[in-house]
2 protein chains.
Amino acid sequence: MARNKRQQDREEKRKEIITTARTLFLNEGYDATSMSRIAAANGIAANTIYWYFKDKDELLVNVLNEQMISRAAEYFLMKDKGIVERLSWVIDQLKIAYQLVATVHARLHLSPELNLWHERFHHIVENVLHEELKLLGVDENKIPARVKVAVFTIEGILSHPVTEHEQAEICQALFSV
Amino acid sequence: MARNKRQQDREEKRKEIITTARTLFLNEGYDATSMSRIAAANGIAANTIYWYFKDKDELLVNVLNEQMISRAAEYFLMKDKGIVERLSWVIDQLKIAYQLVATVHARLHLSPELNLWHERFHHIVENVLHEELKLLGVDENKIPARVKVAVFTIEGILSHPVTEHEQAEICQALFSV
DNA sequence: ACCTGAACACCGTTCAAGT
DNA sequence: ACCTGAACACCGTTCAAGT
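In what follows, the accompanying structure is described. Note that the structure is a prediction, hence the values are computed from the model and not measured.

The rules behind the values
Residues numbered from 1 in each chain as written. Chains lettered and ligands numbered in written order. Predicted model: local features only at pLDDT ≥ 70, side-chain atom pairs only at ≥ 80, totals over all residues. Heavy atoms only, no water. Helix = DSSP H or I, 4+ residues; strand = E, 2+ residues; numbered from the N terminus. Buried < 20%, exposed > 50% of the residue type's maximum accessible area, 1.4 Å probe, protein only. Contact = heavy atoms within 4.5 Å. Areas by Shrake-Rupley, 256 points an atom, 1.4 Å probe, with all protein chains shown as cover. Lys, Arg positive; Asp, Glu negative; His and termini not counted. Charge placed at Lys NZ, Arg CZ, Asp CG, Glu CD. Least-squares fit on C-alpha atoms with pLDDT ≥ 70 in both. Salt bridge = Lys/Arg side-chain N within 4 Å of Asp/Glu carboxyl O. Polar contact = N/O pair within 3.5 Å; in protein donor to acceptor, adjacent residues only side chain to side chain. Nonpolar A, V, L, I, M, F, W, Y, C, P; charged D, E, K, R; others polar. Near = heavy atom within 4 Å.

1. Some thoughts on the overall build of chain A
Part 1 of the reasoning: Scanning chain A for helices and strands turns up nine helices and zero strands.
Part 2 of the reasoning: When the helices and strands of chain A are read in sequence order from the N terminus, they spell out α-α-α-α-α-α-α-α-α.
Part 3 of the reasoning: Residue burial in chain A is summarised as follows: out of 177 residues, 44% are buried.
Part 4 of the reasoning: Restricting the contact set of chain A to residue pairs at least 6 apart, pairs at least 24 apart contribute 64%.
Part 5 of the reasoning: A total accessible area of about 9700 Å² is found for chain A, and carbon and sulfur atoms account for 55% of it.
Part 6 of the reasoning: In chain A, which carries 22 positive and 25 negative side-chain charges, the distance between the mean positions of the two groups comes to 6 Å.

Okay, structure coming up:
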């Protein structure tokens, strides 16, 4: 792995570590991925990571952010597709990261930074869903509760065994006026 | 703490350890509660716990079971109350244990025993909810999807900041025919 | 500024040895 | 059958020391 020389490389190196961590977190899970493992995959010593990130939770927040940004970019390219198709795409993407979803919920109270990220993430998602329901013509003052139900249901689908057929029925139930 | 003498005490001692673990898991969380901590609270050495339980996950399953059984007993004493009141009681009880809910979801794939418990738990809860929706007169073949949405929404309420007002609106949305 | 070896204070779990 | 001290193989993190 390319050695670091000067300040210009700092952001680049950070990104390298984040990418490695993302792969490992998604494949093996957060707890199962040790700092040594991430470091080894980057050709550095375990404690070197602490020069780039405060702790493991800050690294997690960065991984989550990178993942969210890249997925959001793709999502907004689907503007022409139907709501149902876009929603099932979102669920598919989240399913890939479902281990991390559970980890975030389990570690919320241990890390203020993670808690903040979680709040912001929900804020963004809820804004998008609010807009979708508005476009569908749902009664404006019933939208907030409907949005919460939709968000929580999506999370539930991620963390529980649900057949394709069940998932389709559930999505239909969420977006019927 | 009372020393153990013969086989008759085994179940009793197991219960003692489970009770201690339950208190600590609920107050401090699963990860934050070490085996040493549980052992110390029971006046025994850390490794002694392994004579009563295979590992920490088996202890967790027993804690969850005990909690579920005691809560279920109370629930069925509320038969005369309305559905909304009973549901909000269930949510309150689950909120007390919300840390464990997140832990269960995060550890599902690490422990087959925990996974099995989780499946059984959902089976029980879904049966109860199915019955409730049936009594409300919901269209029979729309019930399964509605049950899933209700279960996932309840879990969402547990793990996210939701105001009393929002919660009331959400519950109303779930049980409107 | 960047990186490391060594150490610290923990984990959950195993095992040989005690009663 | 029940319990323990000591050890094992890990953690995440800190720190003094190197370049």
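2. What to know about the relation of the copies chain B and chain A
Part 1 of the reasoning: Rotating chain B by 180° and moving it 0.0 Å along the rotation axis overlays it on chain A with an RMSD of 0.0 Å. Such a turn and shift between the copies fits a two-fold axis.
Part 2 of the reasoning: A shared binding surface is used by both copies, with 100% of the interface residues of chain B retained as interface residues in chain A.

3. A word on the environment of Phe152(B)
Part 1 of the reasoning: Relative to the helices and strands, Phe152(B) resides in helix H8 (residues 143-159).
Part 2 of the reasoning: Sequence spacing of Phe152(B) and Phe76(B) is 76 residues, and the spatial spacing of their C-alpha atoms is 22 Å.
Part 3 of the reasoning: In this structure Phe152(B) touches Phe152(A), Thr153(A), Gly156(A), Ile157(A), His160(A), Val162(A) and Ile170(A), once residues within four positions along its chain are discounted.

4. Notes on the interface of chain B and chain A
Part 1 of the reasoning: Across the boundary between the two partners, chain B contributes 25 residues, which contact 27 residues of chain A.
Part 2 of the reasoning: Seen at the junction of chain B and chain A, the total is two salt bridges.
Part 3 of the reasoning: The residue Lys148(A) makes a salt bridge to Glu166(B) at a minimum N-O spacing of 3.9 Å.
Part 4 of the reasoning: Counting across the chain B and chain A interface gives ten residue pairs in polar contact (both at pLDDT 80 or more).
Part 5 of the reasoning: Sorting the residues of the side of chain B that touches chain A by element identifies helix H6 (98-107), helix H7 (112-135), H8 and helix H9 (164-174) of chain B as the ones contributing at least two each.
Part 6 of the reasoning: For the side of chain B that touches chain A, a count of residues per class yields eleven nonpolar, nine polar and five charged.

5. Brief notes about the protein's contact with DNA strand C
Part 1 of the reasoning: What surrounds DNA strand C is a group of 18 residues, the closest being Asn47(A), Thr48(A), Trp51(A), Tyr52(A) and Tyr50(B).
Part 2 of the reasoning: Sugar plus phosphate, as a fraction of atoms of DNA strand C within 4 Å of the protein: 66%.
Part 3 of the reasoning: In this structure, a phosphate oxygen belonging to DNA strand C sits 3.5 Å away from a side-chain N or O atom of Arg10(A).
Part 4 of the reasoning: Within the side chain of Tyr50(B), an N or O atom sits 2.6 Å from a phosphate oxygen of DNA strand C.
Part 5 of the reasoning: Among the elements of the structure, helix H1 (9-28) and helix H3 (49-52) of chain A are those that each provide at least two residues to the surface near DNA strand C.
Part 6 of the reasoning: Of the residues contributing to the surface near DNA strand C, the split by class is six nonpolar, seven polar and five charged.

6. What to know about the protein's contact with DNA strand D
Part 1 of the reasoning: DNA strand D sits among 18 residues. The nearest are Tyr50(A), Asn47(B), Thr48(B), Trp51(B) and Tyr52(B).
Part 2 of the reasoning: Asn47(A) is positioned such that a nitrogen or oxygen atom in its side chain is 3.4 Å from a base oxygen of DNA strand D.
Part 3 of the reasoning: Tyr50(A) has a polar side-chain atom sitting 2.6 Å from a phosphate oxygen of DNA strand D.
Part 4 of the reasoning: Counting residues per element, the ones that place at least two in the surface near DNA strand D are helix H1 (9-28) and helix H3 (49-52) of chain B.
Part 5 of the reasoning: In terms of residue class, the surface near DNA strand D is made up of six nonpolar, seven polar and five charged.

7. Topic: the pattern of salt bridges
Part 1 of the reasoning: By the definition in use, this model includes 20 salt bridges over all chains.
Part 2 of the reasoning: Measuring nitrogen to oxygen at the nearest pair gives 2.9 Å for the salt bridge that ties Arg107(A) to Asp57(A). Here Arg107(A), found in helix H6 (residues 98-107), pairs with Asp57(A), found in helix H4 (residues 56-75); they are 50 residues apart in sequence, far enough to count as distant.
Part 3 of the reasoning: Linking Glu126(B) and Lys148(B) is a salt bridge whose minimum nitrogen-to-oxygen distance equals 3.3 Å. With Glu126(B) in helix H7 and Lys148(B) in helix H8, this residue pair connects regions lying 22 residues apart in the sequence.
Part 4 of the reasoning: Accessibility expressed as a relative area gives 11% for Lys148(B), which makes it buried.
Part 5 of the reasoning: Several salt bridges share partner residues, and in doing so they unite Lys54(A), Asp55(A) and Glu113(A) into one network.

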